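An overview of the molecular structure
Spelled out from the first residue to the last, the chains are:
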Amino acid sequence: MDSFIIEGQKSLNGYIRLHGAKNSALPILASTILIHGVSVIHNCPDLSDVNETVKILESLGCKVARSGSTITVDATTVNSSSIDEQAMRSMRSSIIFLGALMSRATCASIYFPGGCDIGARPVDLHLKALKSLGAVINENGSSIECCAQKIIGGKIILPIPSVGATENIIIAAAVSKGRTTIINPAREPEISDLAGFLNNCGARIFGAGETTIEIEGVERLTPCEYTIIPDRILASTYMSACAITGGEIVIEDVLPTHLSPIFPAFNEMGCKLYLSGNILKICAPKHLKRVRSIKTMPYPGFPTDSQSPIVAALSVAKGTSVIKETVFENRFRYVSELRRFGADIDINEQLAVINGVKKLHSANVNATDLRGGAALVVAALAAEGESTVNYVNHIDRGYENLELALSSLGGAVKRIYNEKD
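All of these numbers come straight from a predicted model, not from anything done at the bench.

**So, the sheet that holds strand β15 (residues 272-276)**
- What the 4 strands build is an open sheet, ordered β2-β14-β16-β15; its pairing is mixed. Looking at the sheet topology across the chains shown, the edges are occupied by β2 (13-17) and β15. Within this sheet the neighbouring strands show an average axis-to-axis angle of 15°, counted without direction.
- As defined by bridge partners, β15 adjoins strand β16 (residues 279-283) across 5 bridges and the pair is classed as antiparallel. Bridge pairing in β16 links Leu-275 to Leu-280.

The following block contains the structure:
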């Protein structure tokens, strides 16, 4: 298993460009199953989750090729409607294939998905929604079979704005009979990106990113070329790394409206933010200030995926910061590892009280999940001495060559392979 060796207390400075959004790439790639022809997807990040998605597509009979950040998927030759257990357990978002396969092959046979253990992410919302579209579903405790000879549009009210359930409904209903209405859908930018791709292929999806989505089913989708949006969570991670090291960086290819929920927190920390089109410059103060209160919420609220790296930055801020996590109950699992750096953080159920310390010291820590792993890297960048972050396979799920990106900004980060594993 790979590890990062990080020599801390080096200010980050320079220019960095965002790669494509992981949370857009996965559902868009899964939805290419609906298209009889070759889809060309640009700005696909080189991530382990993307690679696992490609493997699933290939196991279903698709012909997939990558050239740089462009992935082409020829789904003409889809010849299977089942995904094996190992592939499903590799990542949580594999559940998104359920709607795509059911729409393409009338039946889908999959296993319950795996992924980071950051809290309950039940698939019952997905299954209930697909039943509303005419699916017949059988479960045996470990696997799911979902069949529908024809998907019929209907009205679906989501009790919570689940991103995955919203994506599954959109994909399944894109090629269907009648109109599907989703009340209280997820409004994340990645939802709009998925709808943008499918609409380019001939789908009729209206209201993505709003409180109600309308989908007029079409008989067939046609191939297209599409460019995935920049990764807003990556941007917030770079911003946290810059803030904790007192640096000054310019981030290219940002979409400012996607980052607006996190801007107030960085302003309160004392960072100066300058926007010019799709370029963001962040200038961090020598000493960060505390943030009075942050509450994670579904978009357009403060993103839960940005919480962990910002907590790491606030660990050295002057004063006490309070963060309430409302999305995933186990999101604070990484805090016990963060404390190894000398961070003073108290956890009370879903509330984190961060008492800023003057400095962090080096530590040997283990990444527990994707965003928690990023938080440990952020802390190590500011810590005195040399730190080791183990199990960076978690980090590789959502960050493309993070060690190279941070090193290009002046950080001292290198990857090593632990032969004991």
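**Description of the nonpolar core**
- By size, the foremost hydrophobic cluster in this structure holds 75 residues, and its most contacted members are Ile-83, Phe-97, Leu-130, Ile-170, Phe-197, Leu-198 and Leu-221.
- Tallying contributions element by element places helix α6 (residues 163-174) first for this core, with 7 residues.
- If we ignore the near neighbours within four places in the chain, the residues touching Leu-221 are Leu-34, Ile-35, His-36, Val-175, Leu-198, Cys-201, Gly-202 and Ala-203.
- With 72 residues, the next largest nonpolar core counts Leu-12, Ile-262, Ala-363 and Ala-382 among its residues.

**Quick notes on the packing of aromatic side chains**
- For the structure on display, the rule yields 1 aromatic pair.
- Centroid distance Phe-197 to Tyr-226: 5.8 Å. Interplanar angle 70°. Geometry classified as edge-to-face. Remark: Tyr-226 occurs in strand β13 (residues 225-227) and Phe-197 occurs in helix α7 (residues 189-200); sequence separation between them is 29 residues.
- Overall, the relative accessible area of 13% leaves Tyr-226 in the buried class.

**A word on the state of the cysteines**
- Following the criterion strictly, the structure yields 1 disulfide and no others.
- Unpaired in terms of disulfides, Cys-44 finds its nearest cysteine sulfur in Cys-224, a separation of 12 Å.

**Things to note about helix α2 (residues 48-59)**
- With 12 residues, α2 extends 16 Å from end C-alpha to end C-alpha; this agrees with the ideal 16 Å at 1.5 Å per step.
- For α2, the set of buried residues is Asp-49, Val-50, Thr-53, Val-54, Ile-56 and Leu-57. What you see down the axis of α2 is that its buried residues fit within an arc of 160°, all on one side.
- Those residues of α2 hidden inside the fold are in contact with α1 (22-31), β4 (63-67), β5 (70-74), α3 (85-89) and α4 (97-105).

**A word on the confidence of the model for the chain**
- Chain-level pLDDT for the chain is 93 on average; 97% of the residues reach the 70-or-more range.
- Overall, residues 115-121 carries pLDDT values under 50, and its contacts beyond four positions in sequence, including any with other chains, amount to 22 contacts.

Calculation notes
- Residues numbered from 1 in each chain as written.
- Predicted model: local features only at pLDDT ≥ 70, side-chain atom pairs only at ≥ 80, totals over all residues.
- Heavy atoms only, no water.
- Pairing = 2+ DSSP bridges.
- Helix = DSSP H or I, 4+ residues; strand = E, 2+ residues; numbered from the N terminus.
- Axes fitted to C-alpha atoms, helices over the stretch in contact; angles between N-to-C directions.
- Core = buried A, V, L, I, M, F, W, Y, C linked by side-chain atoms within 4.5 Å.
- Buried < 20%, exposed > 50% of the residue type's maximum accessible area, 1.4 Å probe, protein only.
- Contact = heavy atoms within 4.5 Å.
- Phe/Tyr/Trp six-rings, centres within 6.5 Å; stacked < 30°, edge-to-face > 60°.
- Disulfide = S-S within 2.5 Å.
- Expected span 1.5 Å × (residues − 1).
- Arc of directions from axis to C-beta.
- pLDDT = per-residue confidence, 0-100.

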